[in-house]
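Tertiary structure, described
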Amino acid sequence: MSHIVSYHVHGAIAEAVVDNPPVNATSASVRQGLAEAIRKAEADPEVRALVIRCAGKTFIAGADIKEFGKPMAEPQLPALLAMMDRATKPIVAALHGTVLGGGFEVALAAHYRVALPETRFGFPEVKLGIVPGAGGTQRTPRLAGLETTIKLTTEGGQIDVAKALASGLIDAIAEDGDLGLAALAYAEKLVVEGQGPRSAGTLPMPADDPALFEEARKALSRKMRGQSAPLKILDAIRLGYEMDFDAALLQEFALCRESIAGPQSKALRHMFAAEREVARIPGLPADTPTRLIERVGVIGLGAMGRGIVMAIVSAGLPVIAVGLDQEHVDAAMKAIGKMWSSSVAKGSMTQEAMDKRLALITTSDDMHDLAATQLVVEAVTEDMAVKKAVFATLGQVTQPDTILASNTSFLNIDMLAEASGRPEDVCGMHFFNPAHVMRLLENVRAAKTDRDVVATIMALGKRIGKLPVLSGVCDGFIVNRMLSKRSREAFFLVEEGASPAAVDRVLLSYGFPMGPFALGDLAGLDVQAAARKARAATATERELRADFVEQMVAEGRLGQKSGSGWYSYDENRKSGPNPQTDAMIAAHAERHGLKLREIGEEEILQRLLYAMVNEGAKLLSEGIAARADEIDVAMVNGLGWPSHSGGPMFWADQIGLDKVLAAIERFRAEQGDAYWTPAPLLVQYAGEGRGFTA
Ligand code: 3H9
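All values derive from a computational prediction rather than experimental measurement. (Residues numbered from 1 in each chain as written. Predicted model: local features only at pLDDT ≥ 70, side-chain atom pairs only at ≥ 80, totals over all residues. Heavy atoms only, no water.)

**With respect to helix α12 (residues 303–314)**
Since the α-helix advances by 3.6 residues per turn, residues separated by three or four positions end up pointing in the same direction. What counts is decided by this rule: Here a strand is any run of E in DSSP of at least two residues, a helix any run of H or I of at least four, and the numbering for each starts at the N terminus. To estimate how far a helix should reach, multiply one less than its number of residues by 1.5 Å. When accessible area is computed with a 1.4 Å probe and restricted to protein chains, residues below 20% of their type maximum are described as buried, those above 50% as exposed, and intermediate ones as partly exposed.
End to end, α12 covers 17 Å across 12 residues, agreeing with the expected 16 Å (1.5 Å per residue, within 8%). For α12, the tally of buried residues reaches 9 of 12 residues, placing the bulk of the element in the interior. Taken residue by residue, α12 has M304, G305, G307, I308, V309, M310, A311, I312 and V313 as its buried positions. Just past α12, the residue G316 takes up positive phi, approximately 85°.

Next comes the structure, spelled out in structure tokens:
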């Protein structure tokens with residue numbers, strides 16, 4: 001036997017142990033090893049049952065993603081599971097860790113399942129744009145019914161042992177902690193009781209419920225707009241009603257292979273790999289020392305500061321929250337309490353968990369209290385003079401190696417670093433609003449930031465459940481700098497004749513959660529106007545002329561919060577057309593002598609998105625983003641760029657950089673060098689016939 005799957009016999013029970021780190025994926029050698037173990041157990045007259053177990057931190061967590069898109073060695077997973085179905089001796093799966101995807105399918109093809117109490121189960125294939133391919137859509141409904149199957153396979157979430165046991169997906173929980181012994185004992189009991197093999201394929205499908213499928217189809221088309229896998233998975237489940245078990249398995253595998261070969265899965269797999277890659281910083285070895293963080297300070301308790309406090313204590317880290325004065329502190333604590341109370345009322349948090357989190361927050365209006373912290377996140381008002389003063393004080397009142405991080409979204413952190421008097425301890429930690437919800441964290445390395453500071457904030461980001469991406473210092477870092485190019489084009493398109501609703505519609509159908517104008521209304525036009533004002537000194541005349549936001553703010557139209565912005569809003573914040581917007585655009589054109597024209601969807605899409613791709617290429621050559629992965633991960637998780645297109649840089653690669661460049665050159669001829677000079681890196685890569693991500 002290979003060392004990847006070892007085989008032992010304990011009396012009448014054989015045991016196959018998979019040891020394929022890091023997650024025991026069903027790579028070719030695992031499939032081959034398990035097939036051999038089944039053959040051996042079947043052939044040995046002394047063996048009466050077989051246990052399949054895994055070494056390491058988890059049972060099989062899925063098919064090996066790295067094998068996708070390559071020719072697969074035999075046996076394929078469905079063929080291996082068919083061997084299990086046909087086995088004449090009972091097979092027991094011993095489960096721990098995360099039993100996911102192909103791993104869950106192996107478990108369900110076993111005849112009995114025993115799990116440790118902390119085990120979690122799920123079908124995350126949908127998140128990779130894939131239809132489960134080894135019986136997930138056929139065995140699950142037969143064991144657990146339609147509702148559980150549809151939820152698990154189309155949403156990709158996980159369930160715990162209690163739910164798995166109640167739904168019939170496992171048979172027993174190994175309460176005393178020794179899974180190996182518990183599984184052997186379970187198998188021995190089966191033998192003693194004369195219980196034989198039991199294939200889920202012999203069970204009938206649950207009663208059909210077309211209304212349930214219809215409801216799921218509608219909900220998924222809304223929630224996972226533009227993604228093909230969730231609907232294909234529903235089709236796969238339905239195969240169970242259209243043909244017999246074996247034929248349905250063949251069809252399911254065909255759908256699985258088709259989905260793996262499709263562009264959405266390719267993009268989602270890129271995202272899976274990129275999200276893990278961004279944790280590895282080029283030039284920063286994994287063993288770079290980190291500083292010990294036991295207590296964090298947050299200074300500035302506006303919306304961002306509060307969200308940051310909530311995010312940090314949610315991970316069990318104590319926080320000293322410092323506000324401007326007692327009134328600000330009280331208001332912040334009241335707001336935090338209100339948000340958590342509503343989670344308790346909704347049942348998504350227990351009162352006990354809320355009390356624990358509250359107990360981790362100490363408040364103060366005195367910066368000297370931050371002396372007891374090892375990291376301070378500054379979230380005071382977005383004003384260079386104010387922030388410089390805060391950093392100057394922080395440099396003095398905190399310990400010599402306390403990390404000082406700014407949550408600024410566009411100010412120059414190098415200047416804050418100098419103001420602190422110890423720039424090597426200064427960095428950025430740019431959270432996204434709402435900070436306790438949004439997963440992306442842009443960590444910013446300034447010119448003099450110490451390597452161990454970078455290692456510490458990357459590790460801390462992960463510790464508090466965020467997805468940290470490292471950026472260099474520039475105006476807007478990765479996300480806001482790229483977003484500013486999209487906003488520029490959106491305003492220009494409106495000046496040229498596209499309606500805001502048409503622009504929003506194009507991005508919505510591409511897969512963004514909302515377009516730039518709906519987003520402006522949501523964030524507040526006053527906020528956008530303030531950001532434009534802060535950047536006015538570097539803006540072009542044309543950018544200043546496109547002053548729609550300022551015009552609306554002057555009329556008290558602030559977006560959703562005032563009931564009127566680009567759109568009008570009813571009391572439930574449901575949007576409708578706004579005649580004032582049409583009138584404003586017409587008057588603006590008249591005032592500036594602008595000629596409006598029809599603009600097609602393709603031009604709208606290309607101008608909004610290619611402007612970002614071009615800026616992404618500049619971020620790469622400036623070293624602000626080390627790799628295209630950083631940009632793709634940041635844009636998908638920070639701006640809602642649809643993950644199934646893989647982020648801007650991967651998407652551009654799929655189109656072909658020569659084509660992207662040709663379109664940019666066309667826009668340059670029409671719109672001018674100031675906005676559409678192609679990034680030199682784009683020109684270079686297009687010439688070399690390569691992409692940003694390959
Ligand atoms: C499938 O099963 C299809 C079948 O239905 C049909 C087939 C016919 N393959 O996330 P981590 C690597 S589709 C290969 O940082 P954690 C990962 O790249 C699959 N490699 O750890 C990383 O490597 P590196 C369905 C994999 O503890 C390392 O493991 N299954 C796979 O935070 C550690 O990963 C899934 O989609 C894989 N399947 O979380 C499960 N999975 O260090 C996806 C992980 O070189 N995996 N790696 O970057 C996960 O959700 C998490 O990895 C898991 C562990 C929860 C298991």
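**Some thoughts on the nonpolar core**
Inclusion rule: Only buried residues count toward a nonpolar core. Its members are Ala, Val, Leu, Ile, Met, Phe, Trp, Tyr and Cys residues joined through side-chain atoms within 4.5 Å. Contact definition: two residues touch when any of their heavy atoms are within 4.5 Å.
Membership of the largest hydrophobic core comes to 75 residues, with the highest contact counts inside it found for W566, L609 and F692. Among the elements that make up this core, the one with the highest residue count is helix α25 (residues 601–621) (11 residues). Beyond its immediate chain neighbours, meaning those up to four positions away, F692 contacts V613, A617, L620, A628, M649, A652, D653, L657, L681, L682 and Y685. Within the second largest apolar cluster, 45 residues are counted, among which are I38, V99, V106 and I159.

**Looking at the side chain of E630**
Relative to the helices and strands, E630 is located in helix α26 (residues 628–638). Assessed through its relative accessible area of 1%, E630 is described here as buried. Residues contacting E630, with those up to four places away along its chain left out, are V278, V469, L470, I478 and A625.

**A few points about the packing of helix α18 (residues 479–496) against α25**
Condition: All axes are obtained by fitting lines to C-alpha atoms, using only the stretch in contact for helices, and the reported angles, taken between N-to-C directions, cover 0 to 180 degrees. Any angle that falls under 35 degrees is termed roughly parallel, while one over 145 is termed roughly antiparallel, one within 65 to 115 roughly perpendicular, and all others oblique. Crossings are assigned a handedness: left-handed for a near helix turned anticlockwise from the far helix by less than a right angle, right-handed for a clockwise turn.
At a minimum axis separation of 8 Å, α18 and α25 run at an interaxial angle of 150°. Considering their axes alone, α18 and α25 lie roughly antiparallel with respect to each other. Helix-helix and strand crossings are classified by hand; for α18 and α25 the assignment is right-handed. Between α18 and α25, the contacting residues are R481, M482, K485, R486, R488, E489, A490, F492, L493 and E496 on the first element and E603, I604, R607, L608, A611, M612, E615, G616, K618 and L619 on the second.

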